[in-house]
Amino acid sequence: MKFFIDTANLEDIRKAYKIGVLSGVTTNPSLVAKEGIKFEDRIAEICQVVPEVESVSAEVTPDAVTADEMIAQAEELIKINGGDEKVTIKLPMTLAGLESCRYLAKKGVKTNVTLIFTVNQALLAARAGATYVSPFLGRLDDISEDGVQLVEKISKLFRIHNFDTQIIAASVRHPDHVTRVAMAGSHIATIPYSVIEQLSKHPLTDQGIEKFTTDWEKAPKY
């Protein structure tokens, strides 16, 4: 399973990229709004900060409701950073979003259909040619449904029907989500930098390093 980072904060993106595990970046209008910068400018900056990742999601804005409006925005977004091929157009799971997805897929543009909450929605997006589908774990957990179980069902469906569409487990809130979606067959988990930090930590690791340090300090030095 690959890791994307879910943020529009350049410092967090730089830190995750430096570790060497990052394969992509996902953003949305809400995340960019927190940064107080023009959306297109931040996407261009992200592309420059992470030159070797496979995908940087640029989402159409909520005021794009029709397919024509989404496609018009997408055609501007794919010009970002000189037509950078890793720019992926993020589309909502609506009929207009599916129409836009099909149009863009035929043009060879990467797409990420987001706000997936059912297997049928994932199936429709895959049939429309989506490069990625993004089921939201945390939001399902909030209403007492099992987001990881949804990922598992989508993964099984895609294997049965030989879809190339990749699953991005989104709205991931803690390390156990990461473990479970990896075991459930998700191709990607998109996570905040705070969760990446948590994944790297364990109290026994800290204790082991402390003991090694103490023993090393006592060892004879020549």
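Right above here is the structure, for reference.
Residues numbered from 1 in each chain as written. Predicted model: local features only at pLDDT ≥ 70, side-chain atom pairs only at ≥ 80, totals over all residues. Heavy atoms only, no water.

A.B. asks: Describe the overall build of the protein chain, naming the residues involved and giving the relevant values.
C.D. replies: Within the protein chain one finds twelve helices and eight strands. Along the first, second and third principal axes, the C-alpha set of the protein chain runs to 75 × 40 × 30 Å. By residue count, 45% of the 222 residues in the protein chain fall in the buried class. Summarising the internal contacts of the protein chain: among those between residues at least 6 apart in sequence, 57% fall at separations of at least 24. In the form shown here, the protein chain has an accessible surface area of approximately 11700 Å², with 52% of it arising from carbon and sulfur atoms. (Helix = DSSP H or I, 4+ residues; strand = E, 2+ residues; numbered from the N terminus. Buried < 20%, exposed > 50% of the residue type's maximum accessible area, 1.4 Å probe, protein only. Contact = heavy atoms within 4.5 Å. Areas by Shrake-Rupley, 256 points an atom, 1.4 Å probe, with all protein chains shown as cover.)

A.B. asks: Describe in detail the pairing of strand 3 (residues 55-59), supporting the description with residues and values.
C.D. replies: Across a regular strand the side chains alternate sides, sitting on one face of the sheet and then on the other. In terms of burial, strand 3 is a largely internal element, five of the five residues being buried. Going residue by residue along strand 3, you find Ser55, Ser57 and Glu59 tucked away on one face and Val56 and Ala58 tucked away on the opposite face as well. Strand direction decides the pairing type here: strand 2 (residues 22-26) and strand 3, joined by two bridges, are parallel. In the sheet register, Gly24 faces strand 3, and the bridge partner there is Ser55. (Pairing = 2+ DSSP bridges.)

A.B. asks: Please provide a residue-by-residue account of the sheet that holds strand 7 (residues 166-169), values included.
C.D. replies: Read once around its circumference, the closed barrel built from eight strands follows the order 1-2-3-4-5-6-7-8, with strand pairing classed as parallel. The sheet shows a mean angle of 25° between the axes of neighbouring strands, taken without regard to direction. Here strand 4 (residues 87-92) runs beside strand 5 (residues 111-116); their pairing, made up of four bridges, is parallel. Directly across from Lys90, in strand 5, lies its bridge partner Asn112. (Axes fitted to C-alpha atoms, helices over the stretch in contact; angles between N-to-C directions.)

A.B. asks: If you had to explain helix 12 (residues 203-218) to someone new, which residues and values would you point to?
C.D. replies: Spanning 16 residues, helix 12 covers 23 Å between terminal C-alpha atoms, matching the ideal 22 Å at 1.5 Å per step. Counting buried positions along helix 12 gives zero out of 16 residues, so the element sits mostly on the surface. (Expected span 1.5 Å × (residues − 1).)

A.B. asks: Break down helix 9 (residues 147-160) for me, with residues and values.
C.D. replies: Under the 1.5 Å per step criterion, the end-to-end length of helix 9 is 20 Å for 14 residues, consistent within 8% with the ideal 20 Å. On its buried face, helix 9 sits against strand 5, helix 7 (119-127), strand 6 (132-135), helix 8 (137-142), strand 7 and helix 10 (175-184). The N-terminus of helix 9 is capped by Asp146, whose side-chain oxygen sits 3.0 Å from the backbone nitrogen of Val148. (Polar contact = N/O pair within 3.5 Å; in protein donor to acceptor, adjacent residues only side chain to side chain.)

A.B. asks: So what about the state of the cysteines? Which residues, and what values?
C.D. replies: Summed over all chains, the structure comprises zero disulfides. In this model Cys47 remains outside any disulfide bridge; the closest cysteine sulfur is found in Cys101, 19 Å from its own. Look at Cys47 and you get buried, because its relative accessible area is 2%. Residue Cys101 is classed as buried on the basis of its relative accessible area, which comes to 0%. (Disulfide = S-S within 2.5 Å.)

A.B. asks: Outline a negative patch on the surface, supporting the account with residue identities and numerical values.
C.D. replies: Judged by side-chain charge, Asp63, Asp68, Glu69 and Glu99 come together as a negatively charged surface patch. Given the relative accessible area of 36%, Glu69 is considered partly exposed. (Patch = residues over 30% accessible without salt bridge, like charges linked within 9 Å, V, L, I, M, F, W, Y side chains within 5 Å. Salt bridge = Lys/Arg side-chain N within 4 Å of Asp/Glu carboxyl O. Lys, Arg positive; Asp, Glu negative; His and termini not counted. Charge placed at Lys NZ, Arg CZ, Asp CG, Glu CD.)

A.B. asks: Could you give an account of the nonpolar core, with specific residues and numbers?
C.D. replies: Core analysis: the biggest nonpolar cluster contains 63 residues, and Ile5, Val25, Val50, Val56, Ile89 and Phe158 have the highest contact counts within it. Here Val50 is in contact with Ile13, Tyr17, Leu22, Val25, Val56 and Lys86, once residues within four sequence places are set aside. (Core = buried A, V, L, I, M, F, W, Y, C linked by side-chain atoms within 4.5 Å.)

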